[in-house]
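Tertiary structure, described
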Amino acid sequence: MHNLSKIELLSVGFMVFSIFFGAGNLIFPPFLAQNAGTSFPIAMAGFLATGIGLPLLGLIATAKHGGRYTQLIDERVHPVFRAISFGLLYLTIGPLFAVPRTGAVSFEIGIKPFLAVGSASTGELIYTAIFFLVTYWLAANPSMIVDRVGKVLSPLLLLFLCVLFARTYYEPIGRILEPVEEYAVSPFASGFINGYLTMDMLAALPFATLAITAIRQKGLTENADICRACVKACIIAVVLMGMVYVSLAYLGATCPSVLGYSANGGIILSSATYVFFGDTGKIVLAFIIGFACLTTSIGVSSAFASYYQYVFDGRVAYKTLLKLAVFFSFLASNVGLTELIRISVPFLVALYPIFIVLVLVSLFDRQLGCSSIVYRWSIGMTLPFSILDGLQAADIKLAGLQELLTQYLPLYAVNLGWLLPALLGVAIGYVLARR
């Protein structure tokens, strides 16, 4: 049995944390807690279930299968299903939504406060061009990502976050108010759904592959050793994420009584750091946002290019795919933060249930007899309801059907209507497989 040294394990864990911890991870916890008010511990429990629990399961599932998760889905479900589902996954966490969001968030929070009102559009264009050029430069050599991100950028990010959180706990901005909107009715379910917006569950599968690649480059060759090291590194990452999430949520919960309610988490962070540190706070926040978004942009862009290089069987070069992803992300990032979030929500609500079911079933692959029947029944029962949830999130009404499902299908009203059909699909598939 071979193990990584503690320093090597920490560097991989820091890399995974930094790549995970990006734009959405910064802006959603304070926005959630702002609206959840005194119910923010319950709402955060739901948020952590999808924002940390499910990503950890995804990381473990990928590590358990040696990083060959796409091949597993080819075998257990169907290559066409894998091509469509994983194609949408990598586009969603890549150049369509997640990567453009890193550029938009880092500009909105870190740079825009320094600019005159009339120069914001030009400033965003110049900033995002520089941001994505740096992304390309640092992601062009994927073998160096663990050194660039895990050993340099991640410690700097944590240092700046510690400065912000020390002030948050020492002298909160204000008192915590009562919950509003959906958090007054169902704080846990609302937090659970908002955890989707981080995209971390979807990102767990490609990020685990990056971690496994980094571990292999450090000399481990046996699958059991690689899996063990990957799980340890991922636990380091999610513990750090949990601590940061809770601190961001506490910051957001204490803001409305003094600063009022904000339109998104970026505004909350910008306003809070100004209250804490004045003009210096803008500089502190610019560094926090810049490092957080840059590390995620590097990791996701690299994962996107690597996956599509695999899809095209090496006929298209990694750097060519990386250039296309970075260029499209640059264009999309100039749409604006609020609009990017609005567009991405229906896609995430539709995709998340499918990958939650895939991850959970693959974790118990052996116990379920390694049967394709179980996978196909569970996905087949989940897919229609995940699509309906996506349509509902997009405010596309199928009035009669939605009223019927709201009345008779548990949890449908809170976008969890897929849960019971998924469990039923697993049960039917298991019984049929046993026969």
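It should be noted that the structure appears before, not after, this text.
Presented here is a report on the structure given in the accompanying data block. (Residues numbered from 1 in each chain as written. Predicted model: local features only at pLDDT ≥ 70, side-chain atom pairs only at ≥ 80, totals over all residues. Heavy atoms only, no water.)

**Quick word on the environment of S11**
Put simply, the test is: Every helix listed is a DSSP run of H or I at least four residues long, and every strand listed is a run of E at least two residues long, numbered separately from the N terminus.
Structurally, S11 can be placed in helix α1 (residues 6-20). Residues S11 and A49, spaced 38 residues apart in sequence, show a C-alpha to C-alpha distance of 25 Å.

**What about the nonpolar core?**
Let me state the cut-off plainly: Definition used in this section: a nonpolar core is a set of buried Ala, Val, Leu, Ile, Met, Phe, Trp, Tyr and Cys residues joined via side-chain atoms within 4.5 Å. Under the scheme applied here, a residue whose accessible area is under 20% of the maximum for its type counts as buried, over 50% as exposed, and between as partly exposed, the area being computed with a 1.4 Å probe on protein chains only. Throughout, a residue-residue contact means that at least one pair of heavy atoms, one from each residue, lies within 4.5 Å.
In terms of nonpolar packing, the biggest core is built from 138 residues, with F17, F21, L26, Y69, Y196, F355 and L358 touching the most fellow members. Every residue in contact with L358, bar those within four places of it in the chain, is listed here: Y69, I73, V77, F81, Y375 and I379.

**Regarding helix α7 (residues 120-139)**
Under the convention used in this document: A helix is expected to span 1.5 Å for every residue after the first. Here, the arc refers to the directions that run from the helix axis to the C-beta atoms.
In this model α7 runs 28 Å from its N-terminal to its C-terminal C-alpha over 20 residues, within 8% of the 28 Å that 1.5 Å per residue would give. Within α7 the residues assigned to the buried category are A120, G123, E124, Y127, T128, F131, F132, T135, L138 and A139. All buried residues of α7 lie within an arc of 145° about the axis, which places them on one face of the element. Exposed side of α7, more than 90 degrees from the buried face: I126, I130, L133 and W137 are the residues found there.

**What to know about the pattern of salt bridges**
Spelled out, the test is: For salt bridges, the criterion is a side-chain nitrogen of Lys or Arg within 4 Å of an Asp or Glu carboxyl oxygen.
On inspection of all chains with the given rule, the structure shows 5 salt bridges. Across the salt bridge formed by D74 and R82, the nearest N and O atoms sit 2.9 Å from each other. Each member of the pair D74 and R82 is classed as buried. Put simply, R76 and E75 hold a salt bridge, and the shortest N to O gap is 3.8 Å. Looking at R76, the relative accessible area reads 15%, which means it is buried. The exposure class of E75 is exposed, given its relative accessible area of 54%. Three or more residues joined by partner-sharing salt bridges are found here, namely E75, R76 and D365.

**A short note on a nonpolar patch on the surface**
Note the cut-off: Within the patch definition used here, like charges are joined within 9 Å and nonpolar side chains (Val, Leu, Ile, Met, Phe, Trp, Tyr) within 5 Å, considering only residues with over 30% relative accessible area and no salt bridge. Every accessible area reported is derived by Shrake-Rupley at a probe size of 1.4 Å, with residue values counting cover from the shown protein chains alone.
Nonpolar side chains collect at one region of the surface, where F114, L115, I283 and F287 lie side by side and expose about 350 Å² of accessible area between them. Tracing the chain through its elements places I283 in helix α14 (residues 279-311).

**With respect to helix α13 (residues 265-277)**
With 13 residues, α13 ought to run about 18 Å at 1.5 Å a step, and its terminal C-alpha atoms sit 18 Å apart, in line with that. Along α13, the residues classified as buried are G265, G266, I268, L269, S270, A272, T273 and F276. G278 occupies a position one or two residues after α13 and carries a positive phi of about 65°.

**Some thoughts on the side chain of T102**
To be explicit about the condition: Distance and chemistry together define a polar contact, namely a pair of N or O atoms within 3.5 Å, with one atom able to donate a hydrogen and the other to accept it when in protein, and with adjacent residues in sequence counting only for side-chain atoms on both sides.
One can find T102 in helix α6 (residues 98-111). Side-chain polar atoms of T102 contact the backbone oxygen of V99, separated by 2.4 Å.

**Some remarks on the environment of G94**
One can find G94 in helix α5 (residues 79-96). When the C-alpha positions of G94 and F328 are compared, they lie 9.6 Å apart, and in sequence the two are 234 residues distant. With residues up to four places along the chain from it excluded, the contact list for G94 reads V99, P100 and V300.

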